[in-house]
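Structure assessment
Each chain, written out:
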Amino acid sequence: MTPSDPRAVFIEELIAVAPDLEAATIDDNDHLQNELGLDSMDFLRLVSALHKRFDLPIPESDYPRLASPAKAVTYLVEKLAT
Amino acid sequence: MSTFTMPSLGADMEAGTLVEWLVKPGDKVTRGDTVAVVETQKGAIEIEIFESGVIGELLAEPGQTLLVGAPLARLGDQEINVPAAAAEPEPQPEPQPEPEDPRRVQASAVPAAVPTKPMPAATTGTVLASPAARARAAELGLALDGVVGSGPGGAVLLADVERPEQARQAVTFEPATDRPRGKPGLDLSEMRRAIATAMSRSKRDIPHYYLSHEIDLQSAQDWLTDTNAVRTPDQRLLMGAMLIRATVKALAKVPELNGRFETDSFAPSGPVHCGLAIAMRGGGLIAPAMLDAQEKGLDAIMEAMRDMVARTRTGLLRNSEITQGTITISSLGESGVDALFGVIYPPQVALVGFGAPRPRSMVHDGAVQPRIAVTATLAADHRVSDGRRGALFLAEIDRLLQEPEAL
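Parameters at a glance
- Residues numbered from 1 in each chain as written.
- Chains lettered and ligands numbered in written order.
- Predicted model: local features only at pLDDT ≥ 70, side-chain atom pairs only at ≥ 80, totals over all residues.
- Heavy atoms only, no water.
- Helix = DSSP H or I, 4+ residues; strand = E, 2+ residues; numbered from the N terminus.
- Buried < 20%, exposed > 50% of the residue type's maximum accessible area, 1.4 Å probe, protein only.
- Contact = heavy atoms within 4.5 Å.
- Areas by Shrake-Rupley, 256 points an atom, 1.4 Å probe, with all protein chains shown as cover.
- Pairing = 2+ DSSP bridges.
- 1 Å grid on protein atoms, 1.4 Å probe; cavity = no way out; pocket = protein on both sides within 12 Å on 5 of 7 lines; lining within 4 Å.
- Points joined across faces, edges and corners; volume = space filled by probe spheres on them.
- Axes fitted to C-alpha atoms, helices over the stretch in contact; angles between N-to-C directions.
- Left-handed = near helix turned anticlockwise from the far one by under 90°.
- Nonpolar A, V, L, I, M, F, W, Y, C, P; charged D, E, K, R; others polar.
- Core = buried A, V, L, I, M, F, W, Y, C linked by side-chain atoms within 4.5 Å.
- Parallel < 35°, antiparallel > 145°, perpendicular 65-115°, else oblique.
- Buried area = accessible area lost by both parts, 1.4 Å probe.
- Salt bridge = Lys/Arg side-chain N within 4 Å of Asp/Glu carboxyl O.
- Polar contact = N/O pair within 3.5 Å; in protein donor to acceptor, adjacent residues only side chain to side chain.

Of the regular secondary structure elements, chain A holds three helices and zero strands. Order of helices (α) and strands (β) in chain A, N terminus to C terminus: α-α-α. For chain A, buried positions account for 49% of its 82 residues. In chain A, once contacts between residues fewer than 6 apart in sequence are set aside, the share between residues at least 24 apart is 48%. When the accessible surface of chain A is split by element, carbon and sulfur atoms take 52% of a total near 4,000 Å².

See the structure below:
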């Protein structure tokens, strides 16, 4: 099963690994590490969650494409369409 | 029959607020079981019971703020009847002797190790005071009855003792409300205060020396990339796990960096309870310890890191993780700077720092090449070790990271 709204799912999983972030204050162009303060373990937990939700492999070489919510949604939409 | 008391989670902790009981009278508990959640300067912490038995009467209510050492519950050896109200008189806690010898004062000012031997509840004579305040007052030669307490029930807290004399007037004890929160149960200004206390103590008491060493991580990075390529994200490893594994293994060669300096002497530790500095969004950091890290392989270390970071962010840490560390590792991760020079977390005697791994020009096989490298630093306690041993330790970490498949 693939969720229909990648952005909503992405934000939901982002909040799950960083519960002190507020969905309303997250800008789509915020850098996950620099602006939203995720460390490498937070990021990996997010990737793990997205892997489970979307059933996508998300190799390490694709990590740069998940640098912000906007980039990540583009990436997810692209991968889900293929 | 014994009394389970509010544990100390560090020299700076004076009181904690009981958030909830995880047990009820009559429940059987085994040493190490979590029995209550207590809100402290380090956030809400799950408190483990220090001995096995059966929970008797609960002596504290959720919402109550209690001094370290105050009774929380009675613990029986076996089945006991929950007493009706006012069954027996409150056990009078043993008064803590005023230390006379300055060496002893120093000793008691060191953070309480493990709450297995809870400090006696804070009453000497009639002055209510936290153990930390009591120790500091003795150190300063200050009579506690001359100090106005700002703690629960007018108890004298460390801050009251350390306040300049003219300002040692009444201040109000502010209940924890309306404060900025990074996560539920965490008061960032309180955490800042806890960090300030611990780091001031470190800089006052520990003669630090520092070493720095650049380590070629290219082999480790290549091995990691290959390993992760065939793993799903939830099984992947981080470079941080490799750095921890190498550090823990290297301690076997230089064991005097692993342990605790308490009661005027260093006690090396067999097990490596490896504290991991985890930054909190919004400020502050906490360094819960990965217990018995020496027994964990790379995958087990990674799993323990995942669990600890997840609980730091969204769940609860346990008091053993907060109090039992024997060394700390601080790793800046991918987006940090080149090197960090740590402040040792007392009563530990060493802190290992890793900067951000990044490509650097290094000489490899006789030619200058771009290689991923990291700067490893050691801050260590000169009362216990010397630079020569510290250097051996960093060199051993380097050697181990050159053979990643053997980690």
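Residue and element names in this part refer to chain B. The buried fraction of strand E19 (residues 327–331) is high, at four of five residues. Pairing between strand E14 (residues 274–276) and E19: three bridges, direction parallel. Across the sheet, the residue bridging to Gly 275 is Thr 328, located in E19. Pairing between E19 and strand E20 (residues 350–354): four bridges, direction parallel.

In this section: the layout of surface pockets. Taken as a whole, the largest pocket encloses approximately 1,300 Å³ of empty space. Taken together, 48 residues make up the lining of the largest pocket; nearest its centre are A:Asp39, A:Ser40, B:Leu332, B:Gly333 and B:Glu334. A total of five residues in the lining of the largest pocket trace back to one element, the largest contributor, which is helix H5 (residues 218–229) of chain B.

We now examine the packing of helix H6 (residues 239–251) of chain B against helix H7 (residues 298–314) of chain B. All names here are of chain B. Relative orientation of the contacting elements H6 and H7 amounts to 120°, with a least axis distance of 9 Å. The way H6 lies across H7 gives a crossing that is right-handed. Counting all contacts with H6, which are made through Gly 240, Ala 241, Met 242, Ile 244 and Arg 245, the residues of H7 involved are Leu 298, Ile 301, Met 302 and Met 305. Among the residues making up the contact of H6 with H7, the classes are represented as seven nonpolar, one polar and one charged.

As a further point, take the nonpolar core. Residues and elements named next belong to chain B. Phe 393 and Ile 397 are the most contacted members of the largest nonpolar core, which has 72 residues in total. With nine residues, the top contributor of residues to this core is H6. Not counting residues up to four positions away in its chain, the partners in contact with Phe 393 are Thr 247, Ala 250, Leu 251, Val 254, Leu 257, Val 352 and Leu 378. Listed in part, the 29 residues of the second largest apolar core include Leu 9, Leu 18, Ile 55 and Met 191.

Quick look at the packing of helix H1 (residues 6–17) of chain A against helix H3 (residues 69–81) of chain A now. Residue and element names in this part refer to chain A. Running from N to C, H1 and H3 cross one another at 125°; their axes reach a closest spacing of 9 Å. With respect to H3, the element H1 is oriented oblique. Along this stretch, H1 crosses H3, giving a crossing that reads as right-handed. Contacts between H1 and H3 involve Pro 6, Arg 7, Phe 10 and Ile 11 from the first element and Pro 69, Ala 72, Val 73, Leu 76, Val 77 and Leu 80 from the second. Along the lines of polarity and charge, the residues of the contact of H1 with H3 split into nine nonpolar, no polar and one charged.

Turning next to the interface of chain A and chain B. The partner chain B presents 19 residues to the 26 residues of chain A that form the contact. For the pair chain A and chain B, the summed buried area comes to about 1,800 Å², and 54% of that belongs to carbon and sulfur atoms. Area buried by chain A at its contact with chain B is led by A:Asp20, A:Met41 and A:Glu60, which between them contribute 31% of it. Viewed at the interface, chain B and chain A are joined by three salt bridges. Across the pair B:Arg313 and A:Asp42 runs a salt bridge whose closest N-O atoms are separated by 3.0 Å. Along the contact surface separating chain A from chain B lie eight residue pairs in polar contact (both at pLDDT 80 or more). Listed by contribution, the elements that provide at least two residues to the side of chain A that touches chain B are H1 and helix H2 (40–54) of chain A.

Applying the stated criterion to the full structure yields 24 salt bridges over all chains. The partner of B:Glu256 in a salt bridge is B:Arg389, and the shortest N-O contact between them spans 2.6 Å. Taken as a pair, B:Glu256 in the loop between H6 and strand E12 (259–262) and B:Arg389 in helix H9 (residues 387–401) lie far apart in primary sequence, 133 residues in all. Overlapping salt bridges, with partners in common, bring together A:Asp39, A:Asp42, A:Arg45 and B:Arg313 in one network.

The pairing of strands in a sheet happens through backbone hydrogen bonds and is either parallel or antiparallel. Read across the open sheet, the four strands follow the order E1-E8-E6-E3 (chain B); overall the sheet is antiparallel. In the strand order of this sheet, the two ends are held by strand E1 (2–5) and strand E3 (28–29) of chain B, each with one partner.

Turning our attention to the side chain of A:Glu13. Residue and element names in this part refer to chain A. Looking at the secondary structure, you find Glu 13 in helix H1. For Glu 13, a relative accessible area of 12% gives the class buried. Among the polar contacts listed, one links the side chain of Glu 13 to the side chain of Arg 53, at a separation of 2.7 Å. Here Glu 13 is in contact with Leu 46, Ala 49, Leu 50 and Arg 53, once residues within four sequence places are set aside.

All names here are of chain B. Among the ten residues in helix H2 (residues 131–140), seven count as buried, and that is most of the element. For H2, the set of buried residues is Pro 131, Ala 132, Ala 133, Arg 134, Ala 135, Arg 136 and Ala 137. Positive backbone phi, approximately 70°, marks Gly 141, located one or two places after H2.

All names here are of chain A. Mapped onto the elements, Ser 4 comes out in the segment before H1. By relative accessible area, Ser 4 is classed as exposed at 76%. When the C-alpha atoms of Ser 4 and Phe 54 are compared, they prove to be 9.8 Å apart, with 50 residues separating the residues in sequence.

A separate point is the side chain of A:Asp42. By the element assignment, A:Asp42 lies in helix H2. Beyond its immediate stretch of four places on either side in the chain, A:Asp42 contacts A:Val17, A:Gly37, B:Arg281, B:Val309 and B:Arg313.

Geometric values such as these leave the question of function open.
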